[in-house]
Amino acid sequence: MNIKDREDIRLSGSAGVRDAVDALRRGALIGLPTETVYGLGADAGNPAAVAKIFAAKQRPADHPLIVHLHRAAQLAQWARDIPALAWSLAEAFWPGPLTLVLPRAATVSDGVTGGLDTVALRVPAHPLALDVLEAFGGGIAAPSANRHKKISPTTARHVREELGDAVEVLLDGGPCRVGIESTIVDLSTGLPRLLRPGAITGEDLERVTGKPVESPVDTAIRSPGRMKLHYAPNARVVLASMEQVPERIAEYAALSARVGVLSARRAESWPAQVPWLSMGHSPDQQAQQLYRRLREADDMDLAVLIVVPPDGRGLNHALRDRLWRAAGLGHALA
Ligand code: TXA
Ligand code: MG
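Read on for a plain summary of the structure. Here the residue numbers are simple positions, counted from 1 along each chain's written sequence. Lettering of chains starts at A and numbering of ligands starts at 1, both following the order in which they are written. This being a predicted model, a pLDDT of at least 70 is required before a residue's local features are given, and a value of 80 or more before pairs of side-chain atoms are given or counted; all residues contribute to the totals for chains, interfaces and linings. Computation of side-chain values covers all heavy atoms of the structure but excludes hydrogens and water.

## Things to note about the overall build of the protein chain
- Helix and strand assignments follow DSSP, with helices taken as H or I runs no shorter than four residues and strands as E runs no shorter than two, numbered in order from the N terminus. The helix and strand inventory of the protein chain stands at eleven helices and 13 strands.
- The quantity called the radius of gyration is restricted to C-alpha atoms. Its globule counterpart is 2.2 Å times the number of residues to the power 0.38. In summary, the protein chain has a C-alpha radius of gyration of 20 Å against a globular reference of 20 Å for 334 residues, a match within 12%.
- Along the first, second and third principal axes, the C-alpha set of the protein chain runs to 60 × 55 × 30 Å.
- Contact definition: two residues touch when any of their heavy atoms are within 4.5 Å. Considering only intrachain contacts with a sequence separation of at least 6, the fraction spanning at least 24 residues in the protein chain is 67%.
- Summing over all exposed atoms, the protein chain offers an accessible surface of approximately 13,800 Å²; the carbon and sulfur share of this is 52%.
- Put simply, the protein chain has 38 plus and 37 minus side-chain charges, and the middle of one group is 2 Å from the middle of the other. Residue exposure ignores everything except the shown protein chains as possible cover, and the areas themselves are Shrake-Rupley values with a 1.4 Å probe. Counted charges follow a simple rule, with Lys and Arg positive, Asp and Glu negative, and His plus the chain ends left uncounted. Throughout, a charge is located at the NZ atom of Lys, the CZ atom of Arg, the CG atom of Asp or the CD atom of Glu.

Pasting the structure below:
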């Protein structure tokens, strides 16, 4: 019986950790909780196991994976020419939602890096992930455990529903605390560059780097995860300001499309029959719930989801980035 047919996706205790490590050693895939989103994990040192990730996700082979490590000291096994800044960032933010891109060590396989000369590395801040990494000893290659271009999973149940057939062990670590994918910083070219905004913000990074962290406008080639349409629900995502919402609702209602709204608050003037999904109030809460809400929109069979993105800096920048992508608009510039 595979995981998909099983109600018991617990496996969160020490037995689960043992089973997960056994599965990794056999070259099988596991579902792994992290503080950001759930990962689809394989032994990063086993190219055949890594190939299974691409098959399960239906992900193009040139999309590089993040290798998860137990501690920063392992960096030297996976990267070369490691700048002092990498150690400072690791010291400041690991374990945590920060991924560093560095020149790869000669032993890292092309399957992991998508043929690039660099490798993405991070130490996740989730007790179960750290237990598995410590017991396993090696690196775990893990993209988000969703099908290509779909929404990242933030609960074990999401993983079971979408990729339950592919994993031998699914560790349930509860809902992810952060809720959106890690910040990615490229340190392979001298100047640090922000490839994907996340919970570790540009301001957080600059406190350590002591200089501006460049945020390239178009990094689609260097970081394929930054393709335009990504993180998308089935519903069409339409961005609007609070003031524009009634107009948009009327437009789509006129087309008989089933429309809903995702926003921090609901205005009284909106038609009562239009379903409203609460975005949450603090940026932390909004990040934590964003993907769950997008999945709910699909569960409700909405054809159109009107979203009012949060403004402001910091984590809200990362939220806008994900929402811009869900809407197929590329990335947020502000
Ligand atoms: O929070 C996260 O980072 C989650 C959890 C599971 O750790 N993982 C995740 O993996 O989001 P994935 O595969 O969905 O996204 C990895 C991103 C992709 O956008 C990929 O292009 C980028 O990392 N990436 C990986 N290696 C890279 C490299 N060598 N250079 C530039 N970008 C790289
Ligand atoms: Mg992903």
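## Overview of the pairing of strand E11 (residues 259-263)
- In terms of burial, E11 is largely enclosed, as five of its five residues are buried.
- Exposed residues in this analysis have more than 50% of their type's maximum accessible area, buried residues have under 20%, and partly exposed residues fall in between, with area computed by a 1.4 Å probe over protein chains only. Of the two faces of E11, the one holding Val259, Val261 and Ser263 and the one holding Gly260 and Leu262 are both buried throughout.
- Strands are labelled as partners when DSSP assigns at least two bridges between them. Two strands pair when backbone bridges link them, and E11 and strand E12 (residues 276-278) are joined in this way by three bridges, in the parallel orientation. Paired with leucine 262 across the bridge in E12 is leucine 277.

## So, the pattern of salt bridges
- Whenever Lys or Arg places a side-chain nitrogen within 4 Å of a carboxyl oxygen from Asp or Glu, that contact is recorded as a salt bridge. A complete count under the given rule lists 14 salt bridges for this structure.
- A salt bridge links aspartate 321 to arginine 325; the nearest nitrogen and oxygen atoms lie 3.0 Å apart. With aspartate 321 and arginine 325 both in helix H11 (residues 315-326) and four residues apart, this pair spans about one turn of that helix. Of the two residues, aspartate 321 and arginine 325, both sit in the buried class.

## Structural notes on the sheet that holds strand E2 (residues 39-43)
- Across the sheet, nine strands lie side by side as E7-E1-E2-E6-E3-E5-E4-E8-E9; this open sheet has mixed pairing. One side of each edge strand has no neighbouring strand; the edge strands of this open sheet are strand E7 (169-170) and strand E9 (193-196).
- As paired strands, strand E1 (residues 30-32) and E7 are joined by two bridges and run parallel to one another. Counterpart to isoleucine 30 in the pairing with E7 is valine 169.

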